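# Descriptive structure summary
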Amino acid sequence: MEFASSGPDVSPFDAVLLLSFGGPEKPEDVVPFLENVTRGRGIPRERLEQVGEHYFEFGGRSPINDQNRVLLAAIRDDLRANGIRLPLYWGNRNWDPYLVETLTQMRDDGITRAAVLTTSAYSSYSSCRQYREDLAEAVAAVEGAPRLDRLRQYFNHPGFVQPVVDATLAAVAELPIDVRDDAELVFVTHSIPEEMARTSGPDGDAYVRQHLSVAEEITTRVRQETGRPHRYDLVYCSRSGSPQTPWLEPDVSDHLATRVQAGARAVVLIPVGFVSDHMEVIYDLDTEALATAKELGLAAVRAATPGVDPRFVAMVRDLLLERAAVERGEVVARVAVGSMEAWRDVCAVGCCPNPRGEKPALCGQDAPA
């Protein structure tokens with residue numbers, strides 16, 4: 001097992017844990033995976049099988065686990081190149097490698113305290129507190145589990161934002177030259193129930209406010225490069241759940257139809273809510289939304305996600321060193337861009353509440369002792 005050497009001080013941490021959503025890796029995994037994701041919501045198996053068709057169109061395999069393997073390797077290389085030799089671990093919420101199994105391995109390896117990076121950049125129940133609940137449940141199930149400190153939400157860290165800016169510029173350049181200057185920027189993120197959005201963050205509405213802040217910052221930077229005042233909108237994809245429950249709108253395909261009626265000729269789809277090209281990107285955008293654009297006669301290109309862009313990978317190291325210094329009691333300059341400050345390290349009491357009732361969650365002021 002590798003520990004920190006003579007490089008930057010990462011104490012009190014002796015490991016890094018990548019925490020992600022998980023995804024099926026073969027056709028027979030699909031419905032059991034969806035049952036894990038929706039457990040306790042009473043969704044019929046027939047409905048899960050319908051949703052599973054999205055995965056079957058891609059061979060029954062989600063790309064997310066492969067993307068996490070590549071990300072882990074890139075983080076490991078970046079840390080080593082900068083004199084940090086911490087062991088890296090990976091656990092998922094909903095599929096193998098499960099978080100409990102990972103924490104058991106970490107305990108057996110002698111890990112005592114790990115910094116946790118989630119593959120979700122924004123604040124809401126499903127993108128923040130639910131991860132914290134899973135951490136609490138897993139720690140409770142593993143006797144002697146290491147202490148876990150989640151690194152802050154990074155939606156406005158330049159290591160996340162600048163790769164999206166450059167991906168957007170590259171996408172604009174792919175459009176036909178006669179419509180390029182008029183291209184509209186369509187920022188896409190995962191839809192969530194309106195009530196979940198309303199209660200997100202310590203003061204409410206954090207999910208939408210964070211996305212709008214990032215969209216505005218990216219649009220400003222793109223305009224500085226292109227010299228054109230591109231219109232931008234925030235839209236949503238991957239709505240699920242009961243039709244009676246209001247979710248954030250508009251849906252991306254509905255938005256494209258509306259904009260064509262208003263005279264739009266070209267769009268860039270920017271999956272700003274996602275860190276890599278997993279199922280919501282390759283199905284909802286690359287398959288459905290681009291097909292809708294083609295039917296509408298709308299020129300459309302999809303921008304890349306950060307993936308393993310070196311700046312995004314280096315962001316992980318920056319967040320690790322930042323949090324380590326905070327835990328040592330040092331004064332830290334926390335980097336952020338746009339209209340919002342860097343997000344807090346420890347979630348406030350009541351932040352992003354569980355819509356189905358309170359459950360223990362780690363990494364917050366209300367965490368169990």
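An account of the accompanying structure is given in this report. Treat the numbers as computed from the prediction; the structure is a model and nothing was measured. (Residues numbered from 1 in each chain as written. Predicted model: local features only at pLDDT ≥ 70, side-chain atom pairs only at ≥ 80, totals over all residues. Heavy atoms only, no water.)

## Comments concerning the overall build of the protein chain
Rule in force here: Numbering of helices and strands starts at the N terminus; helices are DSSP runs of H or I of at least 4 residues and strands are runs of E of at least 2. Both definitions apply: the radius of gyration is a C-alpha atom measure, and the globule rule equals 2.2 Å times residues to the power 0.38. Think of it in three bands: with a 1.4 Å probe and only protein chains considered, a residue is buried below 20% of the maximum accessible area for its type, exposed above 50%, and partly exposed in between. Contacts are residue-level and defined by heavy atoms, with any inter-residue pair within 4.5 Å sufficient. All accessible-area figures derive from a Shrake-Rupley calculation using a 1.4 Å probe, and residue coverage is judged against the displayed protein chains alone. Charge assignment: positive for Lys and Arg, negative for Asp and Glu; neither His nor the chain ends contribute. For the purpose of locating charges, the reference atoms are NZ of Lys, CZ of Arg, CG of Asp and CD of Glu.
Tallying secondary structure elements over the protein chain gives twelve helices and eight strands in all. In terms of overall size, the protein chain behaves like a compact globule, its C-alpha atoms giving a radius of gyration of 20 Å where 369 residues would be expected to give roughly 21 Å. Principal-axis analysis of the C-alpha atoms places the extent of the protein chain at approximately 60 × 50 × 40 Å. Expressed as a percentage of its 369 residues, the buried residues of the protein chain come to 53%. Taking as baseline every contact in the protein chain between residues at least 6 positions apart, the subset at least 24 positions apart corresponds to 79%. Split by element, the accessible area of the protein chain, about 15,600 Å² in all, is 49% carbon and sulfur. In the protein chain, 38 side chains carry a positive charge and 55 a negative one; their mean positions are 3 Å apart.

## Overview of the sheet that holds strand E1 (residues 15-20)
Here is the rule we go by: By this definition, two strands are paired if DSSP reports at least two bridges between them. Simply put, an axis is a line fit to the C-alpha atoms, just over the touching stretch for a helix, and the angle between two N-to-C directions goes from 0 to 180 degrees.
Within the open sheet, the four strands sit side by side as E2-E1-E3-E4. Their pairing is parallel. Lying at the two open borders of the sheet, with one neighbouring strand each, are strand E2 (88-92) and strand E4 (147-150). This sheet shows a mean twist of 30 degrees between the axes of neighbouring strands, independent of strand direction. Inspection of the sheet shows E1 paired to strand E3 (residues 113-118) by five bridges, in the parallel sense. Counterpart to Ala 15 in the pairing with E3 is Ala 114.

## Digging into the nonpolar core
One broad trend across soluble globular proteins is that nonpolar side chains are buried collectively. This is how the line gets drawn: Buried Ala, Val, Leu, Ile, Met, Phe, Trp, Tyr and Cys residues that are joined via side-chain atoms within 4.5 Å together make up what is termed a nonpolar core.
The biggest cluster of nonpolar side chains holds 62 residues, and the ones touching the most others in it are Tyr 154, Phe 160 and Ile 218. In this view, Phe 160 contacts Ala 121, Tyr 122, Tyr 154, Phe 155, Val 272, Phe 274, Val 275, Pro 306, Phe 312 and Met 315; residues no more than four positions away in its chain are not counted. Among the nonpolar cores identified, the runner-up in size contains 18 residues, and Leu 103, Val 116, Ala 136 and Ala 138 belong to it.

## A few points about the environment of Asn 68
In this fold, Asn 68 is placed in helix H3 (residues 64-81). For Asn 68 and Phe 21, which are 47 residues apart along the polypeptide, the C-alpha to C-alpha distance reads 10 Å.

## Things to note about the sheet that holds strand E5 (residues 184-190)
Each strand in a sheet pairs with another by means of backbone hydrogen bonds, the pair being arranged parallel or else antiparallel. Spatially, four strands are ordered E6-E5-E7-E8 in an open sheet, and the strand pairing comes out parallel. Either end of the sheet is taken by a strand with one partner, and the two such strands are strand E6 (232-237) and strand E8 (299-302). Ignoring which end each strand starts from, the neighbouring axes of this sheet average 25 degrees apart. Across four bridges, E5 lies against strand E7 (residues 266-270) in parallel orientation. Bridge pairing in E7 links Val 186 to Leu 269. The strands touched by helix H9 (residues 206-226) are E5 and E6; relative to E5, the strand with the most contacts, the crossing angle is about 150 degrees.

## What about the pattern of salt bridges?
For clarity, the threshold we go by: When a carboxyl oxygen of Asp or Glu lies within 4 Å of a side-chain nitrogen of Lys or Arg, that pair is called a salt bridge.
Taken as a whole, this structure holds 35 salt bridges when the rule is applied. Across the pair Glu 327 and Arg 147 runs a salt bridge, and its minimum N-O distance is 4.0 Å. Placement of Glu 327 in helix H12 (residues 310-327) and of Arg 147 in strand E4 is noted, with a sequence separation of 180 residues between them. By relative accessible area, Glu 327 is classed as partly exposed at 30%. Residue Arg 147 is classed as partly exposed on the basis of its relative accessible area of 45%. With a shortest N-O distance of 3.0 Å, Arg 265 and Asp 182 are connected by a salt bridge. Of this pair, Arg 265 sits in the loop between helix H10 (252-261) and E7 while Asp 182 sits in the loop between helix H7 (177-180) and E5, and the two are 83 residues apart along the sequence. Asp 182 gets classed as partly exposed once you look at its relative accessible area, which sits at 40%. Salt bridges sharing common partners tie together Arg 113, Arg 147, Asp 149, Arg 323 and Glu 327.

The quantities given are spatial measurements derived from coordinates; they are silent on function.
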